[in-house]
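Okay, here's what each chain looks like letter by letter:
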Amino acid sequence: QVQLVESGGGLVQAGGALRLSCTVAGRTTTTYAMGWFRQAPGKDREFVAGISPSGNNTYYSDSVRDRFTISRDNTKNPVYLQMNSLKPEDTAVYYCAAAERVHTIVVNSRRVEYWGQGTQVTVSS
């Protein structure tokens, strides 16, 4: 059983920064492609960022490109989402996701194998 454990959400003023972390827990030897999604009230869940199992390839939605950075250090497991220059429209519940292929994370999230429980990010104006 694989579980994704997220941390790092909170309340921040516009222009501020937060860093989210996601750790893969459970019995697995697989290095997964990882990603972050978010869902604001009344809206569909949307892709935010993805990273390949090797960490060599990263992908971003247009709305966060150049402000957010996804990274991983496989020796220490966590995947991070560094969020800078936060805007009120970034307010949402952020979910960590894991899949065997980064293509699943980026373009076919219905096939994502594992999801985290979500962490709230609130950006005040």
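Refer to the preceding data block for the structure.
Criteria and cut-off values
Residues numbered from 1 in each chain as written. Predicted model: local features only at pLDDT ≥ 70, side-chain atom pairs only at ≥ 80, totals over all residues. Heavy atoms only, no water. Pairing = 2+ DSSP bridges. Helix = DSSP H or I, 4+ residues; strand = E, 2+ residues; numbered from the N terminus. Axes fitted to C-alpha atoms, helices over the stretch in contact; angles between N-to-C directions. Phe/Tyr/Trp six-rings, centres within 6.5 Å; stacked < 30°, edge-to-face > 60°. Buried < 20%, exposed > 50% of the residue type's maximum accessible area, 1.4 Å probe, protein only. Lys NZ or Arg CZ within 6 Å of the ring centre and 35° of its normal. Core = buried A, V, L, I, M, F, W, Y, C linked by side-chain atoms within 4.5 Å. Polar contact = N/O pair within 3.5 Å; in protein donor to acceptor, adjacent residues only side chain to side chain. Salt bridge = Lys/Arg side-chain N within 4 Å of Asp/Glu carboxyl O.

## Some thoughts on the sheet that holds strand E3 (residues 18-26)
The antiparallel open sheet is built from 4 strands, whose spatial order is E1-E3-E8-E7. Every interior strand has two partners, whereas the edge strands, strand E1 (2-7) and strand E7 (68-72), have only one. The sheet shows a mean angle of 15° between the axes of neighbouring strands, direction not considered. Pairing geometry for E3 and strand E8 (residues 79-83), over 5 bridges, is antiparallel. Bridging across to E8, Leu18 finds its partner in Met83.

## Notes on the packing of aromatic side chains
Between two aromatic rings, the relevant description is the distance of the centres plus the angle of the planes. Per the counting criterion, the structure on display carries 3 aromatic pairs. Summarising the aromatic geometry, the rings of Tyr32 and Tyr114 are spaced 5.7 Å apart at their centres and angled 80° between planes, so their arrangement reads as edge-to-face. Here the residue Tyr32 occupies a position in the loop between E3 and strand E4 (33-39), and Tyr114 occupies one in strand E10 (residues 114-115), the gap between them amounting to 82 residues. Look at Tyr114 and you get partly exposed, because its relative accessible area is 25%. Ring geometry for Phe37 versus Phe47: centroids 5.8 Å apart, planes at 75°, classification edge-to-face. Of this pair, Phe37 sits in strand E4 while Phe47 sits in strand E5 (residues 46-51); the two residues are 10 residues apart in sequence, bridging distant segments of the chain. By the burial criterion, Phe37 is buried, and Phe47 matches it. Each member of the aromatic cluster is reached from another via a ring pair, and the members are Phe37, Phe47 and Trp115. The residue whose ring lies beneath Arg45 is Trp115, and the NZ or CZ to ring-centre distance is 3.8 Å.

## Overview of the environment of Tyr32
By relative accessible area, which is 6% here, Tyr32 ends up buried. Remark: the alpha-carbon pair of Tyr32 and Thr104, spanning 72 residues in sequence, is separated by 11 Å.

## Looking at the nonpolar core
If you look at the biggest cluster of nonpolar residues, it comprises 27 residues, and the most contacted ones within it are Met34, Trp36, Leu81, Met83 and Tyr94. If you list the elements that add at least two residues to this core, you get E1, E3, E4, E5, E7, E8, strand E9 (92-99) and strand E11 (119-124). Counting 8 residues, the second largest nonpolar core, distinct from the first, contains Ala33, Phe47, Ala99 and Ile105.

## Some thoughts on the environment of Ser54
Residue position: Ser54 is located in the loop between E5 and strand E6 (58-60). In this structure the side chain of Ser54 is engaged in a polar contact, spanning 3.1 Å, whose partner is the backbone nitrogen of Asn56.

## Section: the pattern of salt bridges
For the structure shown, the criterion picks out 4 salt bridges. Ionic pairing is found between Glu46 and Arg38, a salt bridge with its closest N-O pair at 2.6 Å. Residue Arg38 is classed as buried on the basis of its relative accessible area of 6%. We note a salt bridge from Asp90 to Arg67, for which the minimum N-O separation is 2.8 Å. With Asp90 in the loop between E8 and E9 and Arg67 in the loop between E6 and E7, this pair connects stretches of sequence that are 23 residues apart. By relative accessible area, Asp90 is classed as buried at 1%. A relative accessible area of 11% means that Arg67 is categorised as buried. The structure contains a network of salt bridges with shared partners spanning Arg38, Glu46, Arg67 and Asp90.

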